[in-house]
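Inside the fold
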Amino acid sequence: MTKKTFKKSFTQQEPIPEAAIARAVEVLRGGRLHRYNTLEGETSEAALLEAEFAAYLGVPYALACASGGYALQVALRAAGLASGDKVLANAFTLSPVPGAIHNAGGRPILVETDEDYTIDIGDLSQKAASSRAKYLLLSHMRGHIADMEAVLEVCQAHELVLIEDCAHTLGARWNGRMSGTFGKVACFSSQTYKHLNSGEGGFLASADPELMARAVVHSGSYMLYGRHLAAPDEEVFLKVRLETANMSGRMDNLRAAILREQLRHLDDNCRRWNLLYGALEAELRQVPGLRMPVRPQHEDYVGSSLQFSLPGFGETEIRSFIELCAARGVEVKWFGAAEPHGFTSRYDSWHFIEDPAELPKTRALLATLCDLRIPLTFDEADCRLIGEIIGECTVETGEADEIPAAAG
Ligand SMILES: *Cc1c(COP(=O)(O)O)cnc(C)c1O
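Predicted model, so just to flag it, every value in this text is computed and none were measured. (Residues numbered from 1 in each chain as written. Predicted model: local features only at pLDDT ≥ 70, side-chain atom pairs only at ≥ 80, totals over all residues. Heavy atoms only, no water.)

1. What to know about the overall build of the chain
- The number of helices and strands found in the chain is 12 helices and 13 strands.
- On C-alpha atoms alone, the chain measures out to a radius of gyration of 22 Å, which is about the 22 Å that the 2.2 N^0.38 rule sets for 408 residues.
- Based on the C-alpha atoms only, the size of the chain along its principal axes is roughly 80 × 55 × 35 Å.
- Burial analysis of the chain (408 residues in total) assigns 56% to the buried set.
- Of the roughly 17,300 Å² of accessible surface on the chain, a fraction of 51% belongs to carbon and sulfur atoms.
- Mean positive and mean negative side-chain charge positions of the chain (40 and 55 charges, respectively) differ by 4 Å. (Helix = DSSP H or I, 4+ residues; strand = E, 2+ residues; numbered from the N terminus. Rg over C-alpha atoms; globule rule 2.2 N^0.38 Å. Buried < 20%, exposed > 50% of the residue type's maximum accessible area, 1.4 Å probe, protein only. Areas by Shrake-Rupley, 256 points an atom, 1.4 Å probe, with all protein chains shown as cover. Lys, Arg positive; Asp, Glu negative; His and termini not counted. Charge placed at Lys NZ, Arg CZ, Asp CG, Glu CD.)

2. Description of the pairing of strand β4 (residues 135-139)
- Buried residues dominate β4, accounting for five of its five residues.
- Burial along β4 is two-sided: Tyr135, Leu137 and Ser139 and Leu136 and Leu138, pointing in opposite directions, are all buried.
- For strand β2 (residues 86-90) and β4, the ladder comprises three bridges, and the chain directions are parallel. In the strand pairing of β4, Leu88 is matched with Leu136.
- Relative to strand β5 (residues 161-165), β4 is paired through five bridges, and the arrangement is parallel. Bridge pairing links Leu137 to Ile163 in β5. (Pairing = 2+ DSSP bridges.)

3. Here we look at the domain arrangement of the chain
- According to the domain assignment, the chain contains domain 1 (18-264) and domain 2 (266-401).
- The C-alpha centroid of domain 2 is placed 27 Å from the C-alpha centroid of domain 1.
- On the side of domain 2, 41 residues touch domain 1, which itself brings 41 residues to the contact.
- Here domain 1 and domain 2 share an interface that buries about 3,500 Å² over both sides, 58% of which is from carbon and sulfur atoms.
- If you look at where domain 1 meets domain 2, you find four salt bridges. (Domains from an automatic or database assignment. Contact = heavy atoms within 4.5 Å. Buried area = accessible area lost by both parts, 1.4 Å probe. Salt bridge = Lys/Arg side-chain N within 4 Å of Asp/Glu carboxyl O.)

4. Describing the environment of Gly171
- Relative to the elements of secondary structure, Gly171 occurs in the loop between β5 and β6 (173-174).
- Apart from residues no more than four positions distant in its own chain, Gly171 is found in contact with Tyr56, Met178, Cys270 and Val302.

Pasting the structure below:
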């Protein structure tokens, strides 16, 4: 019997909606691509997008900018980070997170990961006390949301300013409340592999007027902040405008135009992602030796990617498992590799971090942690097939592993 293979690409997103393309073409024809290049009485696409984004989250202020990583950096500065300040952050995150802390002049203090891939609350609490950090940059990494009540409790106890990295939780909720509304400021990405796609792009959202005024000026408003819709009043800007450095990283009208239309479809897309996630998860839950994380009842996640662990496998087995999957068209990524690979890198490859901590729990977790993208170009049958292939490759790897042991 020939083995089934999967034919679609794990990196193929859906096309940009036709209405978004039409609007983008209008912007191109108008030639006014810069967000402050507006006619008398005209409101830019970027400003409209910010107003719609803020309304979606239910917060007063939003800023669109160049990328998610840029948003993080600006959020830290706008929250008052001074050079040398310590910033607690999950060790299980993407490299732009420690990069943003470093770029803003902060010192990352990495925190352990629990078995369900979220920040380890015990370690967080301990490091908050021992490091005297003032900030927590919390990544809802790959869409996994920590117990937010517990996180807020630690923040309160240690007077930590919470900054949420919602690169994978746009549209998600914890206990009914939108992800990105728990901290002082939240950051989002509209890079191609996130929940909105403008190639590159990012957002900040906040209810804090002074923080947002600083973020707008940082982003390069050339004192034209009066043309924003989801920004605080002029008097707040007057307080910060001259002491806030311009770090040019604006969103342009072309990207804003294609994002506005996508935002209207976001909730529908989140539902579609979750159907796909559910189909794949149902298959994977049946695979012996494969562990799916426990996702709390309060977590209303967006299943745009899926993670699982193979706790019985060593590095050799993981590598052969990934090869078997790849040979059958299933692209599994691994977080445990010593060398950074594609979008994934392990915390110990961020050598710019001073006095890196030992993180045995995270290291052990990442050693068997696998990752799959779920683009919306897949359907539920695709997900069932992917699950079946992963199941077969897991069993096959396990059996190959047992032969030498039995012979020995
Ligand atoms: C993608 C991502 C970012 C940064 O987004 P970019 O737009 O690529 O800069 C930050 N944090 C996490 C967890 C991400 O996945």
